[in-house]
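# Summary of structural features
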Amino acid sequence: MARFPKIIVALLAQMVALAVLAGIVWWLPWVVSPPYPLWALVIAQGVLAAFLSCRMGLPCWWRIIQFSLPVGLYLGVHYAINPVWALGIFLVLWLVFFNAIKERVPLYLTNATTRNALKRLIKRRKSVRFLDLGCGLGGNVVFMAQQVNVERSDGVETAPIPYLIAKLYSLLRGGDVFAMDLWKTQLDYYDVVYAFLSPEPMPKLWEKIREEMREDAVFVSNSFAVPDVEPSEVWSLSDRRETQLYVYYLSDFKTRPQGFADEAES
Ligand SMILES: C[S@@+](CC[C@H](N)C(=O)[O-])C[C@H]1O[C@@H](n2cnc3c(N)ncnc32)[C@H](O)[C@@H]1O
């Protein structure tokens, strides 16, 4: 099941749940005489689909969606809720979690403990140009802009609603936020590049980082390590989610042409 798109597995789980429920309803008259209230059948469908989803390989938090789907449909039909509401909610969610489907990166936010760790990390430098790749609501951009040794704090974001919030926040409190795809950024300008994305883009992102970032710069990834690359440092934080910060000093990874260093030193 893991090779099918999650949405297909979710639909399959609903269909299997419906088939199981039909079997139960067919058999039930021997135990309890009909009719059966529709709301009870709908809840049973939700519970069965939620149970099956986890078994069929979907991440277990999808149980909430799988349960809500038949129950939401039932409530919508029962109370004759205008479907424009559903469309509206879908649109808002899409504008917030814009990158969840294409980039497989949803929106979740860096916490205060992690921001303080970033502050400790940049303390080692006199002047810092900071970039948050996929800056969400702009919290890191603003926080970094307020540090004394930060000369510039930028963020890029393509999800419309987070971008608007981040833009407004940075206009009020400092830093700069751009409506730009992270793949279109020029990283050589920055001393510290931060990302809190997902496992999916890490291999491609690492290529970009190695190609564009300067040798004296540092890349920090929250929670998601670059596969098959030993980080320069791993910072294990003592927050509730036990955040791991993977720190890559580019000087550890940029291979200079043979003899280059010797010539420079001589
Ligand atoms: C997990 S959130 C992290 C938000 C913020 N950096 C933080 O740490 O609080 C990842 C963000 O990256 C954004 N994102 C994903 N792919 C992107 C892309 N190609 N270009 C710009 N932003 C992107 C998502 O919209 C989301 O807001």
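Worth saying up front: this structure is predicted, and the values here are computed from it rather than measured.

### Comments concerning the overall build of the protein chain
Across its full length, the protein chain holds 10 helices and seven strands. What you see for the protein chain is a C-alpha radius of gyration of 25 Å, clearly larger than the 18 Å of a compact globule of 266 residues, by over 25%. Across its three principal axes, the protein chain shows a C-alpha extent of roughly 95 × 40 × 35 Å. Pairs at least 24 apart in sequence give 64% of the contacts found in the protein chain among residues at least 6 apart. Carbon and sulfur atoms make up 64% of the accessible area of the protein chain, which totals about 16,100 Å².

### Some details on the pattern of salt bridges
For the coordinates displayed, the defined rule picks out seven salt bridges. For Arg214, the salt bridge is made with Asp191, and the minimal N-O distance between the two is 2.5 Å. Taken as a pair, Arg214 in the loop between α9 (202-212) and β5 (218-222) and Asp191 in the loop between β3 (176-178) and β4 (192-195) lie far apart in primary sequence, 23 residues in all. Residue classification places Arg214 among the partly exposed residues on the basis of a relative accessible area of 26%. A salt bridge links Asp216 to Arg214, with the nearest nitrogen and oxygen atoms 3.0 Å apart. With relative accessibility at 45%, the residue Asp216 sits in the partly exposed group. A single salt-bridge network, built from bridges that share partners, covers Arg152, Asp154 and Asp176.

### What about the UniProt feature "transmembrane region" (unreviewed entry) in the protein chain?
According to UniProt, the positions carrying the feature "transmembrane region" (unreviewed entry) are residues 7-30, 36-53 and 83-101. Taken end to end, residues 7-30 has its terminal C-alpha atoms 36 Å apart, with 88% of it in helix and 0% in strand.

About the cut-offs
- Residues numbered from 1 in each chain as written.
- Predicted model: local features only at pLDDT ≥ 70, side-chain atom pairs only at ≥ 80, totals over all residues.
- Heavy atoms only, no water.
- Helix = DSSP H or I, 4+ residues; strand = E, 2+ residues; numbered from the N terminus.
- Rg over C-alpha atoms; globule rule 2.2 N^0.38 Å.
- Contact = heavy atoms within 4.5 Å.
- Areas by Shrake-Rupley, 256 points an atom, 1.4 Å probe, with all protein chains shown as cover.
- Salt bridge = Lys/Arg side-chain N within 4 Å of Asp/Glu carboxyl O.
- Buried < 20%, exposed > 50% of the residue type's maximum accessible area, 1.4 Å probe, protein only.
- UniProt positions renumbered as here; feature names shortened; annotations may be inferred.

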